[in-house]
Amino acid sequence: MDLTDTVVLVTGASSGIGAATARAAADAGARVVLAARRTERINALARDLPHALAVTCDVTGPGQIRAAVRAGVDHFGRLDALVNNAGQGLHLPLEDVDPDDFRAVLDLNVIAPLVAMQAVLPVMRAQGGGTIVNVSSATTRMVLPGLGAYAAGKAALNQLSATARTELAADGITVSTVLPFVTATEFHRTLRAGAVVTAAADFPVHTAEQVAAAILDLIRTGQAETSLLPPGIGNPESP
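Residues numbered from 1 in each chain as written. Predicted model: local features only at pLDDT ≥ 70, side-chain atom pairs only at ≥ 80, totals over all residues. Heavy atoms only, no water.

A. Structural detail: helix H3 (residues 62-76). The first and last C-alpha atoms of H3 sit 21 Å apart over 15 residues, in line with the 21 Å expected at 1.5 Å per residue. For H3, the set of buried residues is Ile 65, Ala 68, Val 69, Gly 72 and Phe 76. Relative to the axis of H3, the buried residues are bounded by an arc of 95° and lie together on one face. Check the buried side of H3 and you find it contacts strand S1 (7-11), strand S2 (31-36), strand S3 (52-56) and helix H4 (99-127). After H3 finishes, the residue Gly 77 shows a positive phi value of roughly 90°. (Helix = DSSP H or I, 4+ residues; strand = E, 2+ residues; numbered from the N terminus. Expected span 1.5 Å × (residues − 1). Buried < 20%, exposed > 50% of the residue type's maximum accessible area, 1.4 Å probe, protein only. Arc of directions from axis to C-beta. Contact = heavy atoms within 4.5 Å.)

This is how it looks when you write it as C-alpha cells:
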C-alpha cells in the first residue's frame, strides 16, 4: 500500500510508538486518526500534522472504538489502515500477579485490538481492502522471568493476528504483526503493576521512531511479521 492520501487510524496515539507512527504516516502523505484517552496530547499532535483528526477514545470500551472508526470515516471518507498500538505492561513474577490486573491488561492488549479489527472490517470490505498492523512484543519470543503475564497476552495477540491474516485475505485485508523489544518510551513508567525486569535492563534499546518505521514498512509491503529483537539476543532460560 502506498501511504499517499490514505487514512490511518492509530490507537494509543498520545505518546511513544503511537505518536511516532502517526507522525511517520503523516510524513509519508497519509491522513491520520489519532485515538487515545489523553485529549490534550492528541489535540496538540493533531495541530502539528497537516491532516489529522483527534478522537478521545478508551479502547477498552467497545463503543468508543467503534465511535472512533465512525469519526474517522465521517471526517476523511474512508479508512485504509488500522494500527493497534494501545497497550500496557504487567511486569511481575507470576506468583505476584493480581488476577484483576491480568484481566485489565488482557482487556487492553488482546480484547481491544480484536474489537478494533472487528470495527474496521465493514469499512475495509466496502472499500475492497485495507491493512491492519497489531503491535505485539518480542518478549513473546523469549522466556523472561517477570514478564510471563504480559508476554502471554501479547502471544494471544500474535495468534489473533495470524488467524485474522488467513481469514481476511480473501477480502483484500492484510493483517500484520510487529514485535518491538525494549523501546525508549514512557511504557515502563506506566505499567499496570511491577517494574522494569532486571534481566531486560541491559538489553539494547530502540527508539519509537524505529518501531514506527517498521510499522509503516508492514503497511507498505503486507509482510506477515517483523521482529525488532536485536541479533544475538539469547535467553538461557528459553526451552
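B. The arrangement of the nonpolar core in detail. Residues Val 8, Leu 34, Leu 49, Val 83, Val 178, Ile 215 and Ile 219 are the most contacted members of the largest nonpolar core, which totals 32 residues. The set of elements that each furnish at least two residues to this core consists of S1, helix H1 (16-27), S2, helix H2 (39-48), strand S4 (81-84), strand S6 (130-135) and helix H6 (208-221). Examining the composition of this core, we find that eight residues originate from one element, H6, more than from any other. With 30 residues, the next largest nonpolar core counts Ala 35, Leu 53, Leu 121 and Ile 132 among its residues. (Core = buried A, V, L, I, M, F, W, Y, C linked by side-chain atoms within 4.5 Å.)

C. The arrangement of the packing of H3 against H4 in detail. Axis separation between H3 and H4 bottoms out at 9 Å; the angle between their running directions is 35°. For the element pair H3 and H4, the recorded crossing hand is right-handed. Between H3, through Pro 62, Ile 65, Arg 66, Val 69 and Val 73, and H4, the contact on the second element is made entirely by Ala 112, Val 115, Ala 116, Ala 119, Val 120 and Val 123. Looking at side-chain class alone, the contact of H3 with H4 contains ten nonpolar, no polar and one charged residues. (Axes fitted to C-alpha atoms, helices over the stretch in contact; angles between N-to-C directions. Left-handed = near helix turned anticlockwise from the far one by under 90°. Nonpolar A, V, L, I, M, F, W, Y, C, P; charged D, E, K, R; others polar.)

D. Focus on H1. Its twelve residues give H1 an end-to-end C-alpha distance of 17 Å, which sits within 8% of 16 Å, the value for a rise of 1.5 Å per residue. Residues of H1 that are buried include every one of Ile 17, Gly 18, Ala 19, Ala 20, Thr 21, Ala 22, Ala 25 and Ala 26, and no others. Against the buried residues of H1 lie S1, S2, H2, S4 and H6. Taken from the residues just after H1, Gly 29 is the one with a positive phi, measuring 100°.

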